[in-house]
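Here is how the chains run, residue by residue.
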Amino acid sequence: AQSVTQPDIHITVSEGASLELRCNYSYGATPYLFWYVQSPGQGLQLLLKYFSGDTLVQGIKGFEAEFKRSQSSFNLRKPSVHWSDAAEYFCAGPRFGNEKLTFGTGTRLTIIP
Amino acid sequence: DAGVIQSPRHEVTEMGQEVTLRCKPISGHNSLFWYRQTMMRGLELLIYFNNNVPIDDSGMPEDRFSAKMPNASFSTLKIQPSEPRDSAVYFCASATGENTEAFFGQGTRLTVV
């Protein structure tokens, strides 16, 4: 079945440090992939998306993600995290046409001073 | 646009009662998704519609759950009778169609006592 996997349940990073959250997908063709962020008590907000073309995509809040077909990965990165980045992050996809959007299990990000 | 609007934001009901959750998608969007989020199971897709037609309801947990989309601007998710294990946050999301991201509402926090 088409799916995305987030291997890290919880990550703790110091403020100002770099961040990488992992996402792996399983599908033969090039998928459409997304990263969402959820702050406590809030809905999910789209950070960035990959459809095709340039494999490095830029998103909001200083986030970027790189699509690597050889590794079936779509990892989220940020060079320097801020305390406000503490949230739950979800990788989603793959979505083709009007198919359903499925989510990974999420990675909870904690920021320490 | 006001985004995806869900009501109510919070619902507390007694076991056995009927519960109806409501969703107004973004105008012009023709895909609508209902998700359930719990600590134990994460974010689960319950059902999704394209052009008001249910496409995949395989995520609906049992016959107590039903969803309708009578027109392009309104959808309901009904639980009858409700049970304590239905307590969760229910999200509605909409998308413009093929190969696009979904936009989420703020969710309805349901507590069944």
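Residues numbered from 1 in each chain as written. Chains lettered and ligands numbered in written order. Predicted model: local features only at pLDDT ≥ 70, side-chain atom pairs only at ≥ 80, totals over all residues. Heavy atoms only, no water.

Can you help me understand the overall build of chain A in this one?
What chain A contains, in helices and strands, is 0 helices and 11 strands. Walking chain A from its N terminus toward its C terminus, one meets helices and strands in the order β-β-β-β-β-β-β-β-β-β-β. Its C-alpha radius of gyration of 13 Å places chain A within 12% of the 13 Å reference for a compact globule of 113 residues. Taking the principal axes of its C-alpha atoms as reference, chain A extends roughly 40 × 30 × 20 Å. (Helix = DSSP H or I, 4+ residues; strand = E, 2+ residues; numbered from the N terminus. Rg over C-alpha atoms; globule rule 2.2 N^0.38 Å.)

Please clarify how the overall build of chain B should be interpreted in this entry.
Counting its secondary structure elements, chain B contains 0 helices and 11 strands. When the helices and strands of chain B are placed in sequence order, the string is β-β-β-β-β-β-β-β-β-β-β. In terms of overall dimensions, chain B is globule-like: its C-alpha atoms have a radius of gyration of 13 Å, near the 13 Å expected for 113 residues. Seen along its three principal axes, the alpha-carbon backbone of chain B occupies a region of about 40 × 25 × 25 Å. In chain B, which comprises 113 residues, the proportion classed as buried is 52%. Taking all contacts inside chain B whose residues are at least 6 apart in sequence as the whole, residues at least 24 apart take part in 53%. Of the accessible surface of chain B, which amounts to about 5,500 Å², a share of 50% is contributed by carbon and sulfur atoms. The positive charge centre, built from 10 side chains, and the negative charge centre, built from 13, are 5 Å apart in chain B. (Buried < 20%, exposed > 50% of the residue type's maximum accessible area, 1.4 Å probe, protein only. Contact = heavy atoms within 4.5 Å. Areas by Shrake-Rupley, 256 points an atom, 1.4 Å probe, with all protein chains shown as cover. Lys, Arg positive; Asp, Glu negative; His and termini not counted. Charge placed at Lys NZ, Arg CZ, Asp CG, Glu CD.)

I would appreciate a short explanation of the sheet that holds strand β5 (residues 33-38) of chain A in the present structure.
Sheet strands pair by backbone hydrogen bonding; their relative direction is either parallel or antiparallel. All names here are of chain A. The 5 strands are arranged β2-β11-β10-β5-β6 in an open sheet whose pairing can be described as mixed. At either margin of the open sheet sits one strand with a lone partner, and together these are β2 (10-14) and β6 (44-50). If you compare each strand with its neighbour and ignore which way they point, the axes differ by 25 degrees on average. In this structure, strand β10 (residues 87-92) lies alongside strand β11 (residues 107-112), joined through 3 bridges in antiparallel fashion. Across the sheet, Ala-87 pairs through a bridge with Leu-109, a residue of β11. (Pairing = 2+ DSSP bridges. Axes fitted to C-alpha atoms, helices over the stretch in contact; angles between N-to-C directions.)

What am I meant to see in the packing of aromatic side chains here?
For any two aromatic rings, the description comes down to two numbers: the centre-to-centre distance and the angle of the planes. Tallying each qualifying case throughout the model produces 16 aromatic pairs over all chains. Considering the side-chain rings of Tyr-50 of chain A and Phe-67 of chain A, the 4.4 Å spacing of their centres and the 15 degrees angle between planes classify their relative orientation as stacked. Placement of Tyr-50 of chain A in strand β6 and of Phe-67 of chain A in strand β8 (residues 64-68) is noted, with a sequence separation of 17 residues between them. Of the two residues, Tyr-50 of chain A and Phe-67 of chain A, both sit in the buried class. When the centroid spacing of 5.6 Å and the interplanar angle of 80 degrees are considered together, the rings of Phe-103 of chain A and Phe-104 of chain B count as edge-to-face. Of the two residues, Phe-103 of chain A is situated in the loop between β10 and β11 and Phe-104 of chain B in strand β10 (residues 103-104); the pairing between them involves two chains. Relative accessible area serves as the criterion here: at 11%, Phe-103 of chain A is assigned to the buried category. (Phe/Tyr/Trp six-rings, centres within 6.5 Å; stacked < 30°, edge-to-face > 60°.)

Can you help me understand the pairing of β8 of chain A in this one?
For a regular strand, side chains alternate in direction, first toward one face of the sheet and then toward the other. All names here are of chain A. Pairing of strand β7 (residues 56-58) with β8 involves 3 bridges; the strand directions are antiparallel. Note on β8: the bridge partner recorded for Leu-56 is Glu-66. Hairpin connection, β7 to β8: the antiparallel pair is bridged by 5 residues, and Lys-61 has positive phi, about 60 degrees. Of the pairings in the sheet, the one linking β8 to strand β9 (residues 73-78) comprises 5 bridges and is antiparallel in character. Bridged to Phe-67 within β9 is Phe-74. Linking β8 back to β9 in an antiparallel pair, the connection comprises 4 residues, with Ser-72 at a positive phi of about 50 degrees.

What exactly am I supposed to notice about the interface of chain B and chain A here?
Reports of interface size often rely on the accessible area that becomes lost once the parts have come together. Taken residue by residue, the interface counts 22 residues in chain B and 20 residues in chain A. When chain B packs against chain A, close to 1,700 Å² is buried across both sides, 48% of that on carbon and sulfur atoms. Applying the counting rule to chain B against chain A returns 1 salt bridge. Two residues, Lys-49 of chain A and Glu-101 of chain B, come together in a salt bridge whose shortest N-O distance is 3.0 Å. The interface formed by chain B and chain A includes 3 residue pairs in polar contact (both at pLDDT 80 or more). Where the side of chain B that touches chain A is concerned, the elements lending two or more residues are β4 (31-38), β5 (42-50) and β9 (88-95) of chain B. In terms of residue class, the side of chain B that touches chain A is built from 9 nonpolar, 9 polar and 4 charged. (Buried area = accessible area lost by both parts, 1.4 Å probe. Salt bridge = Lys/Arg side-chain N within 4 Å of Asp/Glu carboxyl O. Polar contact = N/O pair within 3.5 Å; in protein donor to acceptor, adjacent residues only side chain to side chain. Nonpolar A, V, L, I, M, F, W, Y, C, P; charged D, E, K, R; others polar.)

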